Amino acid sequence: MHALLGWLALPKVGLGAVFIVSLVSATLLPMGSEPAVFGLVTLRPDLFWPAVLVATAGNTVGGGISWWMGYGAHSASNRIRHTRREDEAPPPEHATRADQRAMNWLRRFGAKACLLSWLPVVGDPLCAVAGWLRLPFWPCLFYMAIGKFARYVTMTAFLVWVT
């Protein structure tokens, strides 16, 4: 892990590191990409817009990967359910009332719910759930990109302005 962090060290790798960190942080791995973006912009203020665009691209690709993970998990679940023998009991439903409300909310808003994929803690699982619900991929990716772009512009501009 130490070698990986050394390889991603800024400013040696710059925009490439921002892309990789943003992509990985958009999957279900707990990692933040804002420090990488802010670090690069602090060292190279002329790279504000390229850093924001590269971070948005990486984070959106990561959100797309999460969408596909959710889609694949749903497909695997369906295959397992359909291969179960008739005499086996179905698995118990574990959905709480809050889970059901969240699923209904996602179904109601559809792909537009992916605008909230930038939120900490719930944003990355939201992308996976969108795939699980089989919401259309390209509209989901489009809304993910809008939300993530707005977050990077706002967060990076705020951090640059404060320091």
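In the block above lies the structure referred to throughout.
Definitions and limits used
- Residues numbered from 1 in each chain as written.
- Predicted model: local features only at pLDDT ≥ 70, side-chain atom pairs only at ≥ 80, totals over all residues.
- Heavy atoms only, no water.
- Core = buried A, V, L, I, M, F, W, Y, C linked by side-chain atoms within 4.5 Å.
- Buried < 20%, exposed > 50% of the residue type's maximum accessible area, 1.4 Å probe, protein only.
- Helix = DSSP H or I, 4+ residues; strand = E, 2+ residues; numbered from the N terminus.
- Contact = heavy atoms within 4.5 Å.
- Axes fitted to C-alpha atoms, helices over the stretch in contact; angles between N-to-C directions.
- Parallel < 35°, antiparallel > 145°, perpendicular 65-115°, else oblique.
- Left-handed = near helix turned anticlockwise from the far one by under 90°.
- Nonpolar A, V, L, I, M, F, W, Y, C, P; charged D, E, K, R; others polar.
- Phe/Tyr/Trp six-rings, centres within 6.5 Å; stacked < 30°, edge-to-face > 60°.
- Lys NZ or Arg CZ within 6 Å of the ring centre and 35° of its normal.
- Patch = residues over 30% accessible without salt bridge, like charges linked within 9 Å, V, L, I, M, F, W, Y side chains within 5 Å.
- Areas by Shrake-Rupley, 256 points an atom, 1.4 Å probe, with all protein chains shown as cover.
- Salt bridge = Lys/Arg side-chain N within 4 Å of Asp/Glu carboxyl O.

**A few points about the nonpolar core**
Across soluble globular proteins, nonpolar side chains show a tendency to be buried alongside one another. In terms of nonpolar packing, the biggest core is built from 15 residues, with Trp67, Leu106, Cys114, Ala130, Leu135, Cys140 and Met144 touching the most fellow members. Mapped onto this core, the elements with two or more residues apiece are α6 (123–132) and α7 (137–162). If one sorts the elements of this core by residue count, α7 sits on top with five residues. For Leu135, the residues in contact, after removing those within four places along its chain, are Trp67, Leu106, Gly110, Ala111, Ala130 and Cys140. In this structure, Val18, Phe48, Ala55 and Tyr152 belong to the second largest nonpolar core, which totals 10 residues.

**Concerning the packing of helix α3 (residues 34–43) against helix α4 (residues 48–83)**
Following both chains from N to C, one finds α3 and α4 inclined at 165°, their axes separated by 9 Å at the closest point. Of the possible angle classes, the one that applies to α3 and α4 is roughly antiparallel. Helix-helix and strand crossings are classified by hand; for α3 and α4 the assignment is right-handed. Facing α3, whose interface residues are Val37, Leu40 and Val41, α4 presents Phe48, Ala51 and Ala55. Among the residues forming the contact of α3 with α4, the class breakdown is six nonpolar, no polar and no charged.

**Here's the deal with the packing of helix α2 (residues 15–25) against α3**
Put simply, α2 and α3 touch, their axes get as near as 9 Å, and they point 165° apart. Put simply, α2 runs roughly antiparallel to α3. You can see that α2 and α3 cross each other, and the crossing is left-handed. On α3, the residues that touch Leu15, Val18 and Val21 of α2 are Ala36, Val37 and Leu40. Of the residues in the contact of α2 with α3, the class split is six nonpolar, no polar and no charged.

**Quick word on the packing of aromatic side chains**
In total, this model carries 11 aromatic pairs according to the counting rule given. Summarising the aromatic geometry, the rings of Phe158 and Trp161 are spaced 6.4 Å apart at their centres and angled 45° between planes, so their arrangement reads as tilted. In this pair, Phe158 and Trp161 both sit in helix α7, three residues apart, roughly one turn of the helix. By relative accessible area, which is 47% here, Phe158 ends up partly exposed. Positioned above the aromatic ring of Tyr71 is the side chain of Arg134, whose terminal nitrogen or guanidinium carbon lies 4.6 Å from the ring centre.

**Looking at a nonpolar patch on the surface**
Together, Trp105, Phe109, Leu115, Leu116, Trp118, Phe142 and Ile146 make up an exposed nonpolar region whose accessible area comes to about 590 Å². Within the residue set of the nonpolar patch, elements represented by two or more residues are α5 (97–109) and α7. The residue Trp118 is located in the loop between α5 and α6 in this model.

**Comments concerning unusual backbone geometry**
Positioned with a positive phi, Val121 is a non-glycine residue whose angle comes to about 70°. Relative to the assigned elements, Val121 resides in the loop between α5 and α6. Classification of Val121 as exposed rests on a relative accessible area of 76%. Unusually for a residue other than glycine, Arg134 sits at a positive phi of about 60°. Topologically, Arg134 is positioned in the loop between α6 and α7. When its relative accessible area of 37% is taken as the criterion, Arg134 is described as partly exposed.

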